[in-house]
Amino acid sequence: MIAVPHYSDVTLHRSGAVEARRIAQTLGVVGALANTEPGGYSIALTAKEVLDDPDREGRNLLAGLGELVGAVRLPSSALRKDPGNDASVDLLLLRRHYGTPVQPQNFLPSRQTRVDGHPVQINEYYLDNPHNVLGRLGADRNPWGPPELTVRPSQQDLHTDLSRALSTIVEYARYVGLTANTEYSVDFGSPNGYLPVNLPKNMPVVELDAARARIQQLRANRQQRDTGNEVPGKPGPRREPRPEPRSGSGQDVPGP
């Protein structure tokens, strides 16, 4: 399950707007987890307040359904480079548990620390795993309140940093037994054109080759219709030119 809540790619300054976004995004991720098969993954891209806010009640809701396999904090401007919209976001990888976490990460508490001489709030997961912050922590001035925590991009390529961080999370998941493990299995040795999955009986299995052929036929029909059903060697249908409007007239009338 992939969750991309609204407004993750913009920077909000006023406390009321930030709080409303945090609550809405937390509930969105909770909904994604609730619709994830136990043993499966939910991946979410959220604003940093979901993990950093001093109020841990929202994270308690997340922990009631899933456990944090890992998180990566992207640098500011990773999604947008416009001034004022260079928000820093978190990529969360959560595994829906069966009622009891296997190896829960320490992501419930957040605490205040000093960055660039300013007090800021940050989740303890990032304090314990600073390598998952893809850049250097900083604090930006905020005319509406205290300085805001940000992540200044590193000199490395973002794709390289992100690949390395995700590889570390995958190794951790394998080590502690947090790999995907649902009641449904996929047979990857089946013939080409089919991908049978042990899904509920009322869910039909789709023949991929037939679906591709149908899509190609629909595209050919659309192309034929757009060309006006022209036949090679024969002119297409003649279209009368549209009359030009007379100057000063409020409606189209035939020209002189």
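The preceding data block contains the structure.
Please read these numbers as outputs of a predicted model, since none were measured by experiment.

Visitor: Summarise the nonpolar core; cite the residues concerned and give the values.
Guide: Leu62, Leu68, Ala71 and Tyr126 are the most contacted members of the largest nonpolar core, which has 23 residues in total. Those elements that provide at least two residues to this core are helix H1 (15-34), helix H2 (49-52), strand E3 (66-73), strand E4 (89-96), strand E6 (118-123), helix H4 (124-128) and strand E8 (145-152). For this core, the element with the highest residue contribution is H1, accounting for four residues. Beyond its immediate stretch of four places on either side in the chain, Ala71 contacts Leu51, Leu91, Leu92, Tyr125, Tyr126, Asn132 and Ile169. Counting residues in hydrophobic clusters, the runner-up holds 13 residues, among them Leu45, Leu74, Leu93 and Leu134.

Visitor: How would you explain the packing of aromatic side chains if you had to name every residue and give the values?
Guide: Applying the stated criterion across every chain, the model contains one aromatic pair. Judged by centre distance (5.5 Å) and plane angle (75°), the ring pair of Tyr125 and Tyr126 falls under edge-to-face. Tyr126 carries the same exposure label as Tyr125, and that label is buried.

Visitor: Break down the side chain of Thr26 for me, with residues and values.
Guide: Among the structural elements, Thr26 can be located in helix H1. In this structure the side chain of Thr26 is engaged in a polar contact, spanning 2.8 Å, whose partner is the backbone oxygen of Arg22. Not counting the four nearest positions on each side in its chain, Thr26 is found in contact with Val50, Gly58 and Leu62.

Visitor: Tell me about the pairing of strand E5 (residues 110-115), residues and numbers included.
Guide: As judged from the six bridges shared by E5 and E6, these two strands associate in the antiparallel manner. Paired with Arg114 across the bridge in E6 is Pro119. In this structure, the hairpin formed by E5 and E6 is closed by a connection of two residues, where Asp116 is found at a positive phi of approximately 55°.

Visitor: How would you summarise the packing of H1 against helix H3 (residues 57-65) if you had to cite specific residues and measurements?
Guide: Remark: H1 packs on H3, axes separated minimally by 9 Å, with the N-to-C direction vectors making an angle of 5°. Between H1 and H3, the interaxial angle falls into the category roughly parallel. The segment H1 lies against H3, with Thr26, Leu27, Val29, Val30, Leu33 and Ala34 engaging Gly58, Leu61, Leu62 and Leu65. Residues that form the contact of H1 with H3 fall into these classes: eight nonpolar, two polar and no charged.

Visitor: Pulling in residues and values, what's your account of H1?
Guide: Given a rise of 1.5 Å per residue, 20 residues ought to cover 28 Å, and the 29 Å separating the end C-alpha atoms of H1 matches this to within 8%. Of all the positions in H1, only Val18, Arg21, Arg22, Gln25, Thr26, Val29, Val30, Ala32 and Leu33 are classed as buried. All buried residues of H1 project into a common sector of 165° when viewed along the axis, lining one side. Summarising the contacts, the buried residues of H1 are in contact with strand E1 (2-3), strand E2 (41-47), H2, H3, E3 and E4.

Visitor: Report on the sheet that holds E3, specifying residues and quantitative values.
Guide: Strands sit in the order E1-E2-E4-E3 across an open sheet of four strands; the sheet is mixed. Looking at the sheet topology across the chains shown, the edges are occupied by E1 and E3. Two strands pair when backbone bridges link them, and E3 and E4 are joined in this way by seven bridges, in the antiparallel orientation. Paired with Gly70 across the strands is Leu93, a residue of E4. Sheet strands in contact with helix H5 (residues 158-176) are E2, E3 and E4, and its direction is about 160° off that of E3.

Visitor: Can you break down H5 residue by residue, with the values?
Guide: For H5, spanning 19 residues, the distance from its first C-alpha to its last is 27 Å, which sits close to the expected 27 Å at 1.5 Å a residue. Those residues of H5 not exposed but buried are Asp161, Ala165, Ile169, Ala173 and Val176. Considered in projection along H5, the buried side chains sweep an arc of 110° and stay on one side of the axis. Facing away from the buried side of H5 by more than 90 degrees, the exposed set consists of His159, Glu171, Arg174 and Tyr175. Contact partners of the buried residues in H5: E2, E3 and E4. The N-terminus of H5 is capped by Asp157, whose side-chain oxygen sits 3.1 Å from the backbone nitrogen of His159. Backbone geometry just after H5 places Gly177 at a positive phi near 85°.

Conventions used here
- Residues numbered from 1 in each chain as written.
- Predicted model: local features only at pLDDT ≥ 70, side-chain atom pairs only at ≥ 80, totals over all residues.
- Heavy atoms only, no water.
- Core = buried A, V, L, I, M, F, W, Y, C linked by side-chain atoms within 4.5 Å.
- Buried < 20%, exposed > 50% of the residue type's maximum accessible area, 1.4 Å probe, protein only.
- Helix = DSSP H or I, 4+ residues; strand = E, 2+ residues; numbered from the N terminus.
- Contact = heavy atoms within 4.5 Å.
- Phe/Tyr/Trp six-rings, centres within 6.5 Å; stacked < 30°, edge-to-face > 60°.
- Polar contact = N/O pair within 3.5 Å; in protein donor to acceptor, adjacent residues only side chain to side chain.
- Pairing = 2+ DSSP bridges.
- Axes fitted to C-alpha atoms, helices over the stretch in contact; angles between N-to-C directions.
- Parallel < 35°, antiparallel > 145°, perpendicular 65-115°, else oblique.
- Nonpolar A, V, L, I, M, F, W, Y, C, P; charged D, E, K, R; others polar.
- Expected span 1.5 Å × (residues − 1).
- Arc of directions from axis to C-beta.

In short, geometric facts, not functional conclusions.
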